[in-house]
Protein chains: 2
Amino acid sequence: MSLSSALLEAAVDQLATLPGIGRRTAMRLALDLLRREQHEVARFSEAIRRMRDEVRFCEVCCNISDEPRCAICRDPNRDEALICVVEDIRDVIAIENTRQYKGRYHVLGGVISPMDGIGPEDLNTRQLMDRVHSGEAKVREVILALGTTLEGDTTGFYLNRKLTEQGVMVTVLARGLSVGGDLSNADELTLGRSIADRKPYEQSTKR
Amino acid sequence: MSLSSALLEAAVDQLATLPGIGRRTAMRLALDLLRREQHEVARFSEAIRRMRDEVRFCEVCCNISDEPRCAICRDPNRDEALICVVEDIRDVIAIENTRQYKGRYHVLGGVISPMDGIGPEDLNTRQLMDRVHSGEAKVREVILALGTTLEGDTTGFYLNRKLTEQGVMVTVLARGLSVGGDLSNADELTLGRSIADRKPYEQSTKR
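Quick caveat, the model's predicted, so the values are computed rather than measured.

Thresholds, definitions, all that
- Residues numbered from 1 in each chain as written.
- Chains lettered and ligands numbered in written order.
- Predicted model: local features only at pLDDT ≥ 70, side-chain atom pairs only at ≥ 80, totals over all residues.
- Heavy atoms only, no water.
- Helix = DSSP H or I, 4+ residues; strand = E, 2+ residues; numbered from the N terminus.
- Rg over C-alpha atoms; globule rule 2.2 N^0.38 Å.
- Buried < 20%, exposed > 50% of the residue type's maximum accessible area, 1.4 Å probe, protein only.
- Axes fitted to C-alpha atoms, helices over the stretch in contact; angles between N-to-C directions.
- Parallel < 35°, antiparallel > 145°, perpendicular 65-115°, else oblique.
- Contact = heavy atoms within 4.5 Å.
- Nonpolar A, V, L, I, M, F, W, Y, C, P; charged D, E, K, R; others polar.
- Pairing = 2+ DSSP bridges.
- Expected span 1.5 Å × (residues − 1).
- Buried area = accessible area lost by both parts, 1.4 Å probe.
- Salt bridge = Lys/Arg side-chain N within 4 Å of Asp/Glu carboxyl O.
- Polar contact = N/O pair within 3.5 Å; in protein donor to acceptor, adjacent residues only side chain to side chain.
- Domains from an automatic or database assignment.
- Least-squares fit on C-alpha atoms with pLDDT ≥ 70 in both.
- Core = buried A, V, L, I, M, F, W, Y, C linked by side-chain atoms within 4.5 Å.

**What about the overall build of chain A?**
A count of helices and strands for chain A gives eight helices and six strands. For chain A, the sequential pattern of α-helices and β-strands runs α-α-α-β-β-α-β-α-β-α-β-α-β-α. The globule rule puts the C-alpha radius of gyration for 207 residues at 17 Å, and the 22 Å found for chain A is more than 25% above it. The 207 residues of chain A split such that 41% are buried.

Structure, rendered in structure tokens:
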């Protein structure tokens, strides 16, 4: 499609580079921005540029942070011998929202994906091994909280081997039925897993 | 959700103001931008700001344009006595893509919607009446190419009355079956309309 404005075309081109945004949606977004006040759009554009220019990554856990060390790594009340390994910051937010976890994190920044040419060296795996090997605190347990995909499993397999070599206990999140979920709605892999991993009634968490 | 970075939070807040983009999607977009090179994000942000700051609207038809008068209004080969009224620039693109139309346009910038507090005075209706009443060329016909929604119909009703008062012929786009469409897939309103508006076989376009 050819537009009557090169400026609009440039903005649509840029918006269409976002994941999941095609050219039609990009056009809708551009027209919406065009209808707003000039200072509003300046604020929009500035927030995105500043984020990319000024955001840092925590020097310990690689989480996004405005300071050299993130708020979680600075918190003395959180167990530094317990590290939960996640793919990205969205997982940190999801786990924090449960209010069940009082340890620290390590953000990998992705998962191993040979198809996409992403190997362990492209992720923050070295920093994780450094923490375990020669970090400020003795690490007791590493929880692998990765997605239940082929890539997540591959990454878990790799990290488990490396971490076990260092004598650290490695655990993974439980897989099974969703809380509040129906048996008939669970997919067969999950249901099969929940049967294989069944536990004594007395041990099931009372909540 | 509380993020570990105020800069990221600000960018997510801004992205979430876009139509159809919730906070989860906004977070995904922000993380995607964060993974890009700094100069790429600068170009992204700049394209949006420049579009809003520098785009103009054609002084004749209110279409988006980088110059005072848009390319379509400048084209001497296009019939200036024929005006097609549309809601926004996307409709202009859609009609241009058919290569069937050789007249000019008038972009309303929206449709009348009492529910949203949008009346005729919020749209480019005055400019349309000026073109018809005292424009450079005598306008012969105005085609109302508005959406087939309640708002589109309301706008069409209003414009038809105003334009007929000026002695201009007002037409609307044909409604009926989609080309290549199945009878059984057409909704009943469209099918009903196509029966009421049936025309002699000889007059149906041979394409």
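**A word on the packing of helix α2 (residues 23-34) of chain A against helix α5 (residues 89-98) of chain B**
One can describe the packing of α2 of chain A onto α5 of chain B by two numbers: an axis separation of 10 Å at closest approach and a directional angle of 140 degrees. Judged by the inter-axis angle, α2 of chain A sits oblique to α5 of chain B. Facing α2 of chain A, whose interface residues are Met27, Arg28 and Leu31 of chain A, α5 of chain B presents Ile89, Arg90 and Ile93 of chain B. A breakdown of the residues in the contact of α2 of chain A with α5 of chain B according to their chemical character gives four nonpolar, no polar and two charged.

**Quick word on the sheet that holds strand β4 (residues 103-107) of chain B**
Residue and element names in this part refer to chain B. Judged by pairing direction, the sheet is parallel, and its four strands sit side by side in the order β4-β3-β5-β6 without closing on themselves. Of all the strands in the sheet, the pair left with one neighbour each is β4 and β6 (169-172). Strand-to-strand twist in this sheet, taken as the mean axis angle between neighbours without regard to direction, amounts to 30 degrees. Examined bridge by bridge, strand β3 (residues 79-86) and strand β5 (residues 141-144) share four bridges and lie parallel to one another. What sits directly across from Cys84, in β5, is Ile143. Most of the contacts of helix α6 (residues 125-134) go to β4, to which it runs at about 145 degrees, and overall it touches β3, β4 and β5.

**Considering the sheet that holds strand β5 (residues 141-144) of chain A**
The strands making up a sheet are joined through hydrogen bonds of the backbone, oriented either antiparallel or parallel. Residues and elements named next belong to chain A. Read from one edge to the other, the open sheet built from four strands follows the order β4-β3-β5-β6, with strand pairing classed as parallel. Where the open sheet ends on each side, the last strands, each with one partner, are β4 (103-107) and β6 (169-172). In this sheet, adjacent strand axes meet at a mean angle of 30 degrees when their direction is disregarded. As paired elements, strand β3 (residues 79-86) and β4 share five bridges and run parallel to each other. Considered in β4, the bridge of Asp79 is made with Gly103.

**Things to note about helix α7 (residues 150-165) of chain A**
Taking 1.5 Å of rise per residue, 16 residues should cover 22 Å, and α7 of chain A covers 23 Å from first to last C-alpha, within 8% of that figure. Directly beyond the C-terminal end of α7 of chain A, a positive phi value near 75 degrees is found at Gly167 of chain A.

**With respect to the interface of chain A and chain B**
If you look at the interface, chain A gives 52 residues, while chain B gives 54 residues. Where chain A abuts chain B, roughly 5100 Å² becomes buried across the two surfaces, and 69% of that area is made up of carbon and sulfur atoms. Broken down residue by residue, the surface that chain A buries against chain B is led by Leu7, Met51 and Arg52 of chain A, which jointly contribute 14%. Counting every contact that joins chain A to chain B gives two salt bridges. Its salt-bridge partner being Arg35 of chain A, residue Asp88 of chain B comes within 3.9 Å of it at the nearest N-O pair. At the surface where chain A touches chain B, the tally comes to eleven residue pairs in polar contact (both at pLDDT 80 or more). Elements with a minimum of two residues in the side of chain A that touches chain B: α1 (6-15), α2, α3 (38-54), β2 (64-65) and α5 (89-98) of chain A. If you tally residues by element for the side of chain A that touches chain B, the top one is α3 of chain A, at 15 residues.

**A short note on unusual backbone geometry**
Residues and elements named next belong to chain B. The residue Cys62 is not glycine, and still its phi comes out positive at about 70 degrees. When you line up the elements, Cys62 lands in the loop between β1 (56-57) and β2 (64-65). At Arg99, a position not held by glycine, the phi torsion is positive, near 55 degrees.

**Side note on the domain arrangement of chain A**
When the domains of chain A are assigned, the result is domain 1 (6-54) and domain 2 (77-204). Taking only C-alpha atoms, the centre of domain 1 of chain A and the centre of domain 2 of chain A are 35 Å apart.

**So, the relation of the copies chain A and chain B**
Mapping chain A onto chain B is achieved by rotating through 179 degrees and translating by 0.0 Å along the same axis, at an RMSD of 0.1 Å. Taken together, the rotation angle and the small translation identify this as a two-fold axis. In terms of proximity to the rotation axis, the leading residue of chain A is Ser45 of chain A, whose C-alpha is 2.4 Å off the axis. The fraction of interface residues of chain A whose copies in chain B are also interface residues reaches 100%, indicating that both copies meet through the same surface.

**Some thoughts on the environment of Glu188 of chain B**
When you line up the elements, Glu188 of chain B lands in helix α8 (residues 188-196). For the pair formed by Glu188 of chain B and Ala71 of chain B, sequence separation is 117 residues and the distance between their alpha carbons is 40 Å.

**Comments concerning the environment of Arg104 of chain A**
Residues and elements named next belong to chain A. Within the secondary structure, Arg104 sits in strand β4. Separated by 31 residues in the primary sequence, Arg104 and Cys73 place their C-alpha atoms 6.5 Å from one another. If we skip the residues at most four places from it in the chain, Arg104 touches Ile72, Cys73, Asp75, Arg78, Asp79, Glu80, Leu82, Ile83, Cys84 and Arg131.

**Some words on the nonpolar core**
If you look at the biggest cluster of nonpolar residues, it comprises 44 residues, and the most contacted ones within it are Leu8 and Leu15 of chain A together with Leu8 and Leu15 of chain B. Taken together, the elements giving at least two residues each to this core come down to α1, α2, α3 and α5 of chain A together with α1 (6-15), α2 (23-34), α3 (38-54) and α5 of chain B.

**A short note on the pattern of salt bridges**
All names here are of chain A. Considering all chains together, one arrives at 30 salt bridges over all chains under this definition. Here Arg90 and Asp88 are joined by a salt bridge, their closest N and O atoms 3.1 Å apart. Taking the relative accessible area as the measure of exposure, Arg90 reaches 33% and is therefore partly exposed. The salt bridge partner of Asp130 is Arg126, with a shortest N-O separation of 3.0 Å. Residue Asp130 and its partner Arg126 are both found in helix α6 (residues 125-134); the two are separated by four residues, about one turn of the helix.

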